[in-house]
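Chain and residue survey
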Amino acid sequence: MNRSCFLCSANIEVADRNEWSLPDLEPLELGFGHCPQCGLVMQSPSASSEQMSAWYRDQAVYTSPGRAGQPHPRKVRGTTRLIRAVEHALGRPAASVFQIGCSDGYALSRFREAGAKTLVGLDPSPASAALALERNSIEVINGTIEDQSELPSCELFLMTHVLEHLFDPLAALRRVRETGPDWLVIEVPLFERPDSWPPGYLSFEHLNYFTEDSLVRMLAMAGFEVVSLDKQYADDIYPVVAVVARAGQAHTPNAQPGEPERARACLQDYLDRERATWARIENRLREEIREPKRLFLFGGGVFASQLLANVEHPAFDSLAGILDSSEQRWGSTLGTHLVLSPAKASLKDGDCVVISSFASELEIWNALAPERERGVQVIRLHG
Ligand SMILES: [Zn+2]
């Protein structure tokens, strides 16, 4: 699906496009480019909204199966930062919080500990909604902001790592503004410093890539005034920016001079780095994979799709399967490859496993310690 800029309606200038195979989806052509008028970087062409809805319902996993449900330390730190920023802006803890895209309800449970009395979550994944109730006693409405006819009235709306996933985040924010919360807290990946981005940063799930300028402009257009803005460059796997904003008058500021040129240069810089990264990974696999009895990937998410799209290796044609610890992915197919439970594959001496994840590489490596001792070759691509 071709998209135009949701801030100024201009056509996107596409810098890179590729065919992607994702679990249980038809092969897709995805591209990335920038708006020549305002500099906003977007995915275009993208999947259709129907394909995205199916993905979030059936495939997307944000609930850390590898840590027995415990939140990642960086999620704990990030949530602490947000709660402090809210208390600083309001002069007290928030009384009622509605979180759009609440996953397993961890952040809402922290706002409850900080003093909030009313907590409501919204999430498209039934698996996440069930976990939120079970683990954190958070009631979750199953759905997306686009399909809700009414939103709860809470004084603070929380949207962390949501706006980059929406086809029209400006429309979503206008909707939020109409509902009438006094406060809005958002966090998104920050499109700055491409030297610090991981491989596969331009991703299937991320439809929009914000700079400080495009983010603040979008908030102003929706009627939110920025009260504080916090950029973190080293705490997550990529830079993030968090904003506390309050309800104000909607207006349309101009983009900063030079913003389109900066966006295009930043995108090009990253694409060059990315090509070098995939070439390095391909060389490494050619050196390390030695006629295994069976070859598996471990990790059936978006990174596996990117690996298969960008790296050529003769052994990939005879892949025995893709292992994944998340039960909801078992039985789905990625291209021609089946996603399997690691237990079912019963890895043996002489098998080889390539870890196809960036964010969870170390966790998977540690979880495979018994297999490594048994003589299974495990290859890490990053660490
Ligand atoms: Zn634009």
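Shown above is the structure to which this text applies.
The structure reproduced in this document is the subject of the present report.

Okay, the pairing of strand E15 (residues 337-340) next. As paired elements, strand E13 (residues 321-323) and E15 share two bridges and run parallel to each other. Its bridge partner being in E15, Leu323 is matched across the sheet by Leu340. Note: strand E14 (residues 333-334) against E15, two bridges, orientation antiparallel. By the bridge assignment for E15, Leu334 is matched with His337. What sits between the antiparallel neighbours E14 and E15 is a turn of two residues, in which Gly335 has the positive phi angle 60°.

Turning to the pattern of salt bridges, a few remarks are in order. All chains considered together, the criterion is met by 23 salt bridges. In this structure, the salt-bridge partner of Glu225 is Arg246, at a minimum N-O distance of 3.5 Å. Of this pair, Glu225 sits in strand E10 (residues 224-232) while Arg246 sits in strand E11 (residues 240-247), and the two are 21 residues apart along the sequence. Asp324 is the partner of Arg329 in a salt bridge, and the nearest nitrogen-oxygen pair spans 3.0 Å. As far as the burial class goes, Arg329 and Asp324 line up, both buried. A network of salt bridges, in which partner residues are shared, links Arg77, Arg81, Asp230 and Asp235.

For the rest of this paragraph, the subject is the coordination of the zinc ion. With distances of 2.3 Å, the protein atoms coordinating the zinc ion are Cys5 (SG), Cys8 (SG), Cys35 (SG) and Cys38 (SG). Considering all four donor atoms around the zinc ion, the spread of angles at the metal, 95 to 124°, places the coordination shape in the tetrahedral class. When its relative accessible area of 27% is taken as the criterion, Cys8 is described as partly exposed.

What holds strands together in a sheet is hydrogen bonding between their backbones, with the strands either parallel or antiparallel. Strand order in the open sheet made by the six strands is E14-E15-E13-E12-E16-E17, with mixed pairing throughout. For this open sheet the edge positions go to E14 and strand E17 (377-379), each flanked by a neighbour on one side alone. One ladder, built from four bridges, connects strand E12 (residues 295-298) with strand E16 (residues 352-355); its direction is parallel. The partner of Phe298 across the bridge, within E16, is Ile355.

Moving on, we come to the packing of helix H5 (residues 169-179) against helix H6 (residues 212-222). In the contact formed by H5 and H6, the axes pass within 8 Å of each other and the chain directions differ by 45°. By the criterion of interaxial angle, the relationship of H5 to H6 is oblique. For H5 against H6, the interelement crossing comes out right-handed. Residue-level contacts link Pro169, Leu170, Leu173, Arg174 and Arg177 of H5 to Met218, Leu219, Met221 and Ala222 of H6. A per-class count over the contact of H5 with H6 returns seven nonpolar, no polar and two charged.

Here we take up the pairing of strand E7 (residues 156-160). The buried count for E7 comes to five of five residues, which makes it a mostly enclosed element. With burial as the criterion, each face of E7 is covered, one bearing Leu156, Leu158 and Thr160 and the other bearing Phe157 and Met159. As judged from the three bridges shared by strand E4 (residues 96-100) and E7, these two strands associate in the parallel manner. Bridging across to E7, Gln99 finds its partner in Leu158. Relative to strand E8 (residues 183-189), E7 runs parallel, the two being bridged by five bridges. Counterpart to Met159 in the pairing with E8 is Ile186. The β-α-β motif built from E7, the intervening H5 and the parallel element E8 has right-handed crossover chirality.

Here we take up the packing of helix H7 (residues 259-288) against helix H8 (residues 302-310). Angle between the axes and distance between the axes: these two values describe a pair of packed helices. Direction vectors running N to C along H7 and H8 enclose 80°, while the axes themselves pass 10 Å from each other. In terms of orientation, H7 lies roughly perpendicular with respect to H8. Between H7, through Trp278, Ile281 and Glu282, and H8, the contact on the second element is made entirely by Phe303, Gln306, Leu307 and Asn310. Grouping the constituent residues of the contact of H7 with H8 by class yields four nonpolar, two polar and one charged.

The next point concerns the environment of Asp230. One can find Asp230 in strand E10. Residue classification places Asp230 among the partly exposed positions, given a relative accessible area of 32%. Through-space distance from the C-alpha of Asp230 to that of Ala85 is 8.9 Å; in sequence the pair is 145 residues apart. With near-sequence residues (within four places) excluded, Asp230 lies in contact with Arg81, Val240, Val241 and Ala242. Of the polar contacts made by the side chain of Asp230, one reaches the side chain of Gln232; its length is 3.3 Å.

Cut-offs used in this document
Along each chain, the written sequence defines residue order, and numbers are assigned to residues from 1. The predicted origin of the model limits local features to residues at a pLDDT of at least 70 and limits the giving and counting of side-chain atom pairs to 80 or more, whereas totals for whole chains, interfaces and linings rest on all residues. Processing note: side-chain calculations cover all non-hydrogen atoms of the structure and skip hydrogens and water entirely. Pairing between two strands is assigned when DSSP locates at least 2 bridges connecting them. Here a strand is any run of E in DSSP of at least two residues, a helix any run of H or I of at least four, and the numbering for each starts at the N terminus. For this analysis, a salt bridge means a side-chain nitrogen from Lys or Arg found within 4 Å of a carboxyl oxygen belonging to Asp or Glu. Partly exposed residues are those whose accessible area sits between 20% and 50% of the maximum for their type, while under 20% is buried and over 50% is exposed, using a 1.4 Å probe and protein chains only. A donor here means any N, O or S atom no more than 2.8 Å from the metal (3.2 Å for Na, K and Ca); water is not included, so a site may seem to lack partners. The geometry test gives tetrahedral to four donors whose angles all lie between 85 and 135 degrees, gives square planar to four donors and octahedral to six donors whose opposite members are over 155 degrees apart with all other angles between 65 and 115, and gives irregular to the rest. Lines fitted to C-alpha atoms define the axes here, with helix axes fitted over just the stretch in contact, and angles between the N-to-C directions of these axes take values from 0 to 180 degrees. Small angles under 35 degrees read as roughly parallel and large ones over 145 as roughly antiparallel, with 65 to 115 read as roughly perpendicular and the rest as oblique. Handedness of a crossing follows from how the near helix is turned relative to the far one, being left-handed for an anticlockwise turn of less than a right angle and right-handed for a clockwise one. Residue contacts are defined here by distance: any two heavy atoms, one from each residue, within 4.5 Å place the two residues in contact. Side-chain classes follow a simple rule in which Ala, Val, Leu, Ile, Met, Phe, Trp, Tyr, Cys and Pro form the nonpolar group, Asp, Glu, Lys and Arg form the charged group, and the remainder, Gly included, forms the polar group. Handedness rule for crossovers: strands pointing away from the viewer, path from the first strand over the helix to the second running clockwise, crossover right-handed. Polar contact criterion, stated in full: a pair of N or O atoms within 3.5 Å, where within protein one must be able to donate a hydrogen and the other to accept it, and residues adjacent in sequence count only if both atoms are side-chain atoms.

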